[in-house]
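If you want the building blocks of each chain, they are given just below.
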Amino acid sequence: MKNKFVKAIFTIALGSALLTSCKPKNSSDAVSGDAAQKAYVAPGKYDEFYNFVSGGFSGQLSVYGLPSGRLFRVIPVFSVDPEKGWGYSEETKPMLNTSNGFVPWDDLHHTELSQTNGEVDGRWVFGNANNTPRIARIDLKTFKTAEIIELPNSGGNHSSPFITENTEYVVAGTRFSVPADYDNGDVAINTYKENFKGHISFVKVGKEGEMDLAFQIVTPGVNFDLSHAGKGKSHGWFFFSCYNTEQANTLLEVNASQRDKDFIMAVNWKKAEEYIKAGKGKKQAVKYAHNKWNEKTHTATSEIKNEVLVLDAAALKDICYMIPCPKSPHGCDVDPTGEYIVGSGKLAALIPVFSFDKLMGAIKDKKFEGEYGGIPVVKYEAALHGEVQKPGLGPLHTEFDGRGNAYTTFFVSSEVVKWDIKSLKVLDRVPTYYSVGHLCIPGGDSKKPFGKYLIAYNKITKDRYLPTGPELAQSAQIFDISGDKMQLILDFPTIGEPHYAQAAPADLIRNNGQLKFYKIADNNHPFVTKGEKEAKVTRQGNQVHVYMTSIRSHFAPDNIEGIKLGDEVYFHVTNLEQDWDVPHGFAIKGADNGELLIMPGETTTLKWVPKKVGMYPMYCTDFCSALHQEMQGYVRVSPAGSSVPLTWSVGTNLPKATK
Amino acid sequence: MKKLLLTVLALSLMTACGKKEKEAEEYNPAADPTATETTAKDPSSYDPKRGEGKFTTVELGATLDQAMASKGEEVAAVKCTSCHKMTDEKLVGPGWKGVTERRRPEWIMNFITNPDPMIDKDPEVQAQLEICLVRMPNQGLSDDDARHILEYMRKNDGVK
């Protein structure tokens, strides 16, 4: 009797203990007890992964550590950054040149790490400019934007910068179809169907990363949304999702949501290469900028190019095929084997999964249901592997863990759903806070995912952080996906809109030959000052060039007289340090642009046009040593026509004797 | 009896999440970055005559090698003389006059190629740091650069 009683109490006690100690109740305690341990990286320890997060409307790219969510660096890409002098120093201005002139801002949506044999290789990360269509390549030895190429015939470069499995190409697809740059653009907007065209771009990537717009494919006017390359068996193909196959030009919210199915366009780019060899491409007159950073001269150059090779998808029948895909497909993701193509109809309540083998069979057997703008449309069922039924509301994007599972984000129902690619069964779901867009699993769009963490990038945070007025932080959330169930372990706020991100193992990048400083002997900047002996000031008319050096903790020269109103002064500052982590800064009063941050061994130029007579202090802005606050100097500005001679010095302009 | 129940309750509370905690340790193998780089820092092993670095003995010629000294002067103009004068006057760091008489050649070559550990360990360098307050930067000198600079210092000290 007593024993039975004890057993009953024991059972209740154990049951309630289990329930109360671990079960999540609501959003604030959806985190179980060991989450902090999983995300904790002790002081002085390194993270396991680098996370390259697009800055969305900030135009930049941020670098975080995983699983700690610590921010390491914001790399300026498409937007000016006065902190780093990006777009302000004379050397960086050409990087932001376009066929529309200097463009100081853009909207960076997607990042893509370079790959070799379908695996992340740690060489470069690419980013797309959504507004003034461009692709950037960021060098992961220097964490600096090395190259930017503009895309003609495009409006809104969204389905970009996705790559083929050996980084043969980085692609772009126009979000807005527009009249081609080589056609007349001065047409009525409601002639969309007749005059507006889509162009998708294939940009060749060279061995050293240099980009070259190899060709474009012209398609009917639609909105291209996202894309991913085939891999393994489907290498040689590229898949682009598109919506607005209704070809609406106004109130797209309603008018581009009419059709039951839009398309995923499958592009046989190896076939396109064959057609080019056979001379089937047509050269068209366009204008686009190609900007390159030179590590030896520490200077960017911008070249305007005038021609692009265009292939016509309707005329060359076997390059492009349309696969019907329900309701405005957004994400277009290919699994690690290259067999399954996941389309996410953002207005659909199911996820269609296509089979590459079935698609090839359908094309071979001509299982077409018709044409769209001259492009064959494959029968839906003929290419379909199956549908994930009732997975959630508003499927957007899918990544993979390499263990046969797919993870799809649901914007409307704010959740991530894990499902089995082959059986299409839903295995697990977790809420996100709130309205998740993209997700990232390290290597999650490659042949070799590192399926340990999943990061959800959320559009809305509402009540998740301390309030900061009307504009709130956007955020990422890290889940541990190493077990059967996904487990939330950390929230972290991000810069701009964290639109999409990719991640790579830390060792792959930190052991890639990281540059620690620029060798001063290799500095070929036209205005380099190799040692204080060469420090000087020269005048050519009203242009004054200051050849200046910085070292802990003084400038040479630090006293300059003889500058006159009307002069344009160029401070060419060479950082003579030859050690890691010793940048110097440079700022001068009244400069109407940014500061300079000069890396060890680098030369950087600030243009300064003084507007008033007087004394102008200059100083080092990057705390460099115990005598950093002493790292300063003066520039004397005299009236136009003054007879004050041009002089410069360091350490010799001693106080005038007083009487 | 009550005691037994409490113990059971406490045990069940402890074990309910215990397994996960153990797993968490396995999930956190963030590579220890310092493990490979940290070598035994035994200050007693520091040799203040030789310094610390790759140079143990440096053979000096009886007379000056003019070509080496000229190369040394060129390198010094880019990497050293922003902070060091040729006289005994301090600029950012101490003047070079007499340095080859105060220091052994291997100490000089070790210090200019490997300053950070020596600043941390050498009592005289630490005393110097209290005066200058700027740690001498590592200027990325090659072995040859260092040897050439040493020869230039000898020239500055009157070796013919």
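Criteria and thresholds
Residues numbered from 1 in each chain as written. Chains lettered and ligands numbered in written order. Predicted model: local features only at pLDDT ≥ 70, side-chain atom pairs only at ≥ 80, totals over all residues. Helix = DSSP H or I, 4+ residues; strand = E, 2+ residues; numbered from the N terminus. Rg over C-alpha atoms; globule rule 2.2 N^0.38 Å. Buried ≥ 20, exposed ≤ 12 C-beta atoms within 10 Å, placed from the backbone. Contact = placed C-beta atoms within 7 Å. Axes fitted to C-alpha atoms, helices over the stretch in contact; angles between N-to-C directions. Parallel < 35°, antiparallel > 145°, perpendicular 65-115°, else oblique. Left-handed = near helix turned anticlockwise from the far one by under 90°. Nonpolar A, V, L, I, M, F, W, Y, C, P; charged D, E, K, R; others polar. Domains from an automatic or database assignment. Pairing = 2+ DSSP bridges. Expected span 1.5 Å × (residues − 1). Arc of directions from axis to C-beta. Core = buried A, V, L, I, M, F, W, Y, C linked by C-beta atoms within 7 Å. pLDDT = per-residue confidence, 0-100.

## Description of the overall build of chain A
A tally of helices and strands in chain A yields 8 helices and 45 strands. Rg of the C-alpha trace for chain A: 29 Å, near the compact-globule value of 26 Å for 659 residues, within the 12% margin. Of all 659 residues assigned to chain A, the portion counted as buried reaches 53%. When contacts within chain A are restricted to residue pairs at least 6 apart in sequence, those whose partners lie at least 24 apart make up 62%.

## Examining the overall build of chain B
Along its length, chain B carries 9 helices and 0 strands. The helix and strand sequence of chain B, counted from the amino end, reads α-α-α-α-α-α-α-α-α. Relative to its 160 residues, chain B shows a buried fraction of 26%. Sequence separation of 24 or more characterises 73% of the internal contacts of chain B that already satisfy a separation of 6 or more.

## Let's talk about the packing of helix H6 (residues 105-113) of chain B against helix H9 (residues 143-156) of chain B
The description of two helices packed together rests on the angle between their axes and the distance between the axes. All names here are of chain B. Running from N to C, H6 and H9 cross one another at 125°; their axes reach a closest spacing of 10 Å. By the angle class used here, H6 and H9 are oblique. Between H6 and H9 the crossing geometry is right-handed. Facing Pro105, Ile108, Met109, Ile112 and Thr113 of H6, the residues of H9 in contact are Ala146, Arg147, Ile149, Leu150 and Met153. Counted by class, the contact of H6 with H9 contains 8 nonpolar, 1 polar and 1 charged residues.

## Regarding the domain arrangement of chain A
Residue and element names in this part refer to chain A. Splitting chain A by domain gives domain 1 (49-510) and domain 2 (520-649). Each of domain 1 and domain 2 was reduced to a C-alpha centroid, and the two centroids are 43 Å apart. Counting residues at the interface gives 11 residues for domain 1, matched by 16 residues for domain 2. Its residues assigned to classes, the side of domain 1 that touches domain 2 comprises 2 nonpolar, 5 polar and 4 charged.

## Examining the sheet that holds strand E34 (residues 501-505) of chain A
Residues and elements named next belong to chain A. Ordered by their spatial adjacency, 4 strands build an open sheet running E3-E2-E1-E34, and the pairing between neighbours is antiparallel. The two strands at the open ends of the sheet, each matched to only one other strand, are strand E3 (71-75) and E34. When strand polarity is set aside, the average angle formed by the axes of neighbouring strands in this sheet is 20°. Pairing between strand E1 (residues 49-54) and strand E2 (residues 61-66): 6 bridges, direction antiparallel. Across the sheet, the residue bridging to Phe52 is Val63, located in E2.

## Re helix H4 (residues 66-79) of chain B
All names here are of chain B. In a regular helix each residue adds 1.5 Å, so 14 residues correspond to 20 Å; H4 covers 20 Å between its end C-alpha atoms and thus fits that length. Of all the positions in H4, only Gly72, Val75, Ala76, Val78 and Lys79 are classed as buried. The arc enclosing the buried residues of H4, seen along the axis, measures out at 160°, which places them on a common side. Facing away from the buried side of H4 by over 90 degrees, the exposed positions are Gln66 and Ala67. Along its buried surface, H4 packs onto H9.

## As for the environment of Asp480 of chain A
Residues and elements named next belong to chain A. Relative to the assigned elements, Asp480 resides in strand E32 (residues 474-480). Given 23 C-beta atoms within a 10 Å radius, Asp480 is considered buried. Put simply, Asp480 and Gly451 are 29 residues apart on the chain and 8.9 Å apart in space, counted from C-alpha to C-alpha.

## Digging into the pairing of strand E26 (residues 395-400) of chain A
All names here are of chain A. With respect to burial, E26 is a largely interior element, 6 of its 6 residues being buried. Pairing between E26 and strand E27 (residues 405-410): 4 bridges, direction antiparallel. Bridge assignment links Phe400 to a residue of E27, and that residue is Ala406. Counted between consecutive antiparallel strands, the loop separating E26 from E27 contains 4 residues, among which Gly402 sits at a positive phi close to 80°.

## Remarks on unusual backbone geometry
In most cases, non-glycine residues show a negative phi, while peptide bonds are predominantly trans. All names here are of chain A. Leu66 connects to Pro67 through a cis peptide bond whose omega is 15°. Mapping Pro67 onto the fold places it in the loop between E2 and E3. The omega torsion across Tyr433 and Tyr434 is -10°, close enough to zero to call that bond cis. In this fold, Tyr434 is placed in the loop between strand E29 (426-431) and strand E30 (436-440). Of note, Lys327 is a non-glycine position whose phi angle comes to about 50°, a positive value. Locating Lys327 in the fold gives a position in the loop between strand E19 (320-326) and strand E20 (329-334). With 21 C-beta atoms counted inside 10 Å, the residue Lys327 sits in the buried group.

## Focus: the sheet that holds E32 of chain A
Residues and elements named next belong to chain A. The sheet built from 4 strands is open, its strands ordered E30-E31-E32-E33 with antiparallel pairing. Two strands bound the open sheet, and with one partner strand each, they are E30 and strand E33 (487-494). Taken pair by pair, the neighbouring strands of this sheet meet at an average axis angle of 25°, ignoring direction. Relative to E32, strand E31 (residues 453-458) runs antiparallel, the two sharing 6 bridges. Bridge assignment links Tyr453 to a residue of E32, and that residue is Asp480.

## A short note on the packing of H4 of chain B against H9 of chain B
Residues and elements named next belong to chain B. Look at H4 against H9: their axes get within 7 Å of each other, and the N-to-C directions meet at 105°. Looking at the two axes, H4 sits roughly perpendicular to H9. Across from Met68, Ala69, Lys71, Gly72, Glu73, Val75 and Ala76 in H4, the residues of H9 making contact are Asp145, Arg147, His148, Ile149, Glu151, Tyr152 and Lys155. Its residues assigned to classes, the contact of H4 with H9 shows 6 nonpolar, 2 polar and 6 charged.

## A few points about the nonpolar core
All names here are of chain A. Grouped together as the largest cluster of nonpolar side chains are 132 residues, with contacts concentrated most on Ile323 and Leu454. Looking at this core element by element, the count peaks at 6 residues for strand E15 (residues 237-243). Setting aside residues no more than four positions away along its own chain, Ile323 makes contact with Phe263, Ile264, Ala266, Phe354, Leu359, Val378 and Ala383. The next biggest cluster of nonpolar side chains, apart from the first, holds 32 residues, and it includes Val582, Leu606, Cys624 and Val637.

## Things to note about H6 of chain B
All names here are of chain B. Among the 9 residues in H6, 7 count as buried, and that is most of the element. Of the positions making up H6, those classed as buried are Trp107, Ile108, Met109, Asn110, Phe111, Ile112 and Thr113. Against the buried residues of H6 lie helix H5 (99-102), helix H7 (115-121) and H9.

## A few points about the confidence of the model for chain A
Low-confidence regions, as indicated by low pLDDT, have predicted coordinates that should not be scrutinised in detail. Averaged over every residue, the pLDDT of chain A is 94; the share at 70 or more is 95%. Segment residues 12-25 of chain A is flagged for pLDDT under 50; beyond a separation of four residues in sequence, or across chains, it makes 20 contacts in the model.

## Let's talk about the confidence of the model for chain B
All names here are of chain B. Here chain B averages 81 in pLDDT, while 73% of its residues score no lower than 70. Note on residues 5-40: pLDDT under 50 across the span, and 42 contacts to partners over four residues away in sequence or across chains. Interface confidence for the predicted complex, expressed as ipTM, amounts to 0.75; the pTM equals 0.89.

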